[in-house]
Amino acid sequence: VSRFIAVFETPSKVIQQVYHSLLRDTSERNTVRAAMDLLLPVLKKRLGDEELEDALKYTTKVIRESFGNSIPQMVHLWETITRHPLVYVCQKAAIMPHILQSLSFFGQQPKVP
């Protein structure tokens, strides 16, 4: 679907649904990464400014919801953001506090009884 969106004009609701699904999906890591690599560069071209801002705000929402609950989900989100920093530059003020907080979470030593 991401390849289709990258090549053809697609309704914005479909693009947003695909983006939302890919953000939350961690099952097939390589497939999801490849789909995000195709979708994110054309997101700005396919969505209007308001829709793009909503999609990127949704990213921040997913980050807040997944913090501390799912390490694979957090890794997927940070990997996506670091692979496509130009897409997320307009949301960096909202994303950076979560990145800093997650670094301290990842850096904690496991508690041994």
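Keep in mind that what you see is a predicted model, and the values were worked out from it rather than measured. (Residues numbered from 1 in each chain as written. Predicted model: local features only at pLDDT ≥ 70, side-chain atom pairs only at ≥ 80, totals over all residues. Heavy atoms only, no water.)

Trainee: Looking at this structure, how should I read helix H5 (residues 71–83)?
Mentor: Every α-helical turn comprises 3.6 residues, leaving residues that sit three or four positions apart pointing alike. With 13 residues, H5 should reach 18 Å at 1.5 Å per residue; the first-to-last C-alpha distance of 18 Å fits that figure. Gln73, Met74, His76, Leu77, Trp78, Glu79, Thr80 and Ile81 are the residues of H5 that are buried. (Helix = DSSP H or I, 4+ residues; strand = E, 2+ residues; numbered from the N terminus. Expected span 1.5 Å × (residues − 1). Buried < 20%, exposed > 50% of the residue type's maximum accessible area, 1.4 Å probe, protein only.)

Trainee: Is there a simple way to think about the packing of aromatic side chains in this case?
Mentor: For any pair of aromatic rings, the description rests on two quantities: the centre-to-centre distance and the angle between the ring planes. Inspection of the entire model under this criterion finds 1 aromatic pair. Ring geometry for phenylalanine 4 versus phenylalanine 8: centroids 5.0 Å apart, planes at 40°, classification tilted. (Phe/Tyr/Trp six-rings, centres within 6.5 Å; stacked < 30°, edge-to-face > 60°.)

Trainee: What is the right way to read empty space enclosed by the protein from this model?
Mentor: In the structure shown here, the tally under the stated rule is 1 cavity of 30 Å³ or more. Around the largest cavity sit Val32, Arg33, Met36, Asp37, His76, Glu79, Thr80, Arg83 and His84, which together line it. For the lining of the largest cavity, the per-class residue count stands at 2 nonpolar, 3 polar and 4 charged. (1 Å grid on protein atoms, 1.4 Å probe; cavity = no way out; pocket = protein on both sides within 12 Å on 5 of 7 lines; lining within 4 Å. Points joined across faces, edges and corners; volume = space filled by probe spheres on them. Nonpolar A, V, L, I, M, F, W, Y, C, P; charged D, E, K, R; others polar.)

Trainee: Where do I start with the packing of helix H2 (residues 12–24) against helix H3 (residues 29–46) in this structure?
Mentor: To characterise two packed helices, one gives the angle between the axes of the helices and the distance between these axes. H3 packs onto H2 with a crossing angle of 145° between their chain directions and a minimal axis gap of 11 Å. For H2 against H3, the interelement crossing comes out left-handed. Side by side, H2 and H3 meet where Ile15, Val18, Tyr19, Leu22 and Leu23 of the first sit next to Val32, Ala35, Met36, Leu39, Leu40, Leu43 and Arg46 of the second. Residues of the contact of H2 with H3, tallied by class, amount to 11 nonpolar, no polar and 1 charged. (Axes fitted to C-alpha atoms, helices over the stretch in contact; angles between N-to-C directions. Left-handed = near helix turned anticlockwise from the far one by under 90°. Contact = heavy atoms within 4.5 Å.)

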